[in-house]
Amino acid sequence: MTLQQTEGVDRFFQFRLDATRAYVGEPRNFGKEIPVAETTFDNSQRLLSVRFAQPVAPGQQITIVVRPQLNPDTAGTYLWGITAYPAGEQPAGQFLGFGRINIYDSSTYRTSR
């Protein structure tokens, strides 16, 4: 799978690639963990690639969990185009839609004393 940043003010994301996880099911309702073989990030293309140890069964809904090393400085909604690739030689990708990462301004959560 690939996730490519298509929208968002800040172009600066740093991920902890070794902390990438994948699960069968929807967010907050995880099922079995899917082993991740490799995660890479091409900063110039804003492209996060996740390769699974075994192919994911057709029709399975999965959730990919990424961990930031450092969040962008600018709050906002960041859209990422998601493309899935089947196993095999020279696979043709299928665009699945967009995922969203919301970054909030930390001053929003400060309390005054």
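Look above for the structure.
These numbers come from a predicted model, not from an experiment.

Caption draft 1: Quick look at the overall build of the chain. When its secondary structure is counted, the chain shows zero helices and 10 strands. Helices (α) and strands (β) of the chain occur, in sequence order from the N terminus, as β-β-β-β-β-β-β-β-β-β. Projected onto its principal axes, the C-alpha coordinates of the chain cover approximately 55 × 30 × 25 Å. Burial status across the chain gives 27% buried among its 113 residues. By element, 47% of the accessible surface of the chain is carried by carbon and sulfur atoms, the whole surface being about 8000 Å². Positive and negative side-chain charges in the chain, numbering 11 and 10 respectively, have mean positions lying 7 Å apart.

Caption draft 2: Representation of the environment of D105 in the model. Take D105: it is sitting in the segment after β10 (94-103). For D105, a relative accessible area of 38% translates into the label partly exposed. Placed 40 residues apart in sequence, D105 and V65 show a C-alpha to C-alpha distance of 21 Å.

Caption draft 3: Structural detail: the packing of aromatic side chains. For the structure on display, the rule yields four aromatic pairs. For the ring pair F15 and F41, a centre distance of 5.3 Å and an interplane angle of 80° mean the geometry is edge-to-face. Here the residue F15 occupies a position in strand β2 (residues 14-15), and F41 occupies one in strand β5 (residues 36-42), the gap between them amounting to 26 residues. Plain terms: the ring middles of F15 and W80 are 5.9 Å apart, the flat faces sit at 70° to each other, and that makes the pair edge-to-face. Linking F15 in strand β2 with W80 in strand β9 (residues 76-84), this pair joins segments that are 65 residues apart in sequence. An aromatic cluster of at least three residues, connected via ring pairs, comprises F15, F41 and W80.

About the thresholds
Residues numbered from 1 in each chain as written. Predicted model: local features only at pLDDT ≥ 70, side-chain atom pairs only at ≥ 80, totals over all residues. Heavy atoms only, no water. Helix = DSSP H or I, 4+ residues; strand = E, 2+ residues; numbered from the N terminus. Buried < 20%, exposed > 50% of the residue type's maximum accessible area, 1.4 Å probe, protein only. Areas by Shrake-Rupley, 256 points an atom, 1.4 Å probe, with all protein chains shown as cover. Lys, Arg positive; Asp, Glu negative; His and termini not counted. Charge placed at Lys NZ, Arg CZ, Asp CG, Glu CD. Phe/Tyr/Trp six-rings, centres within 6.5 Å; stacked < 30°, edge-to-face > 60°.

By themselves these figures say nothing about function.
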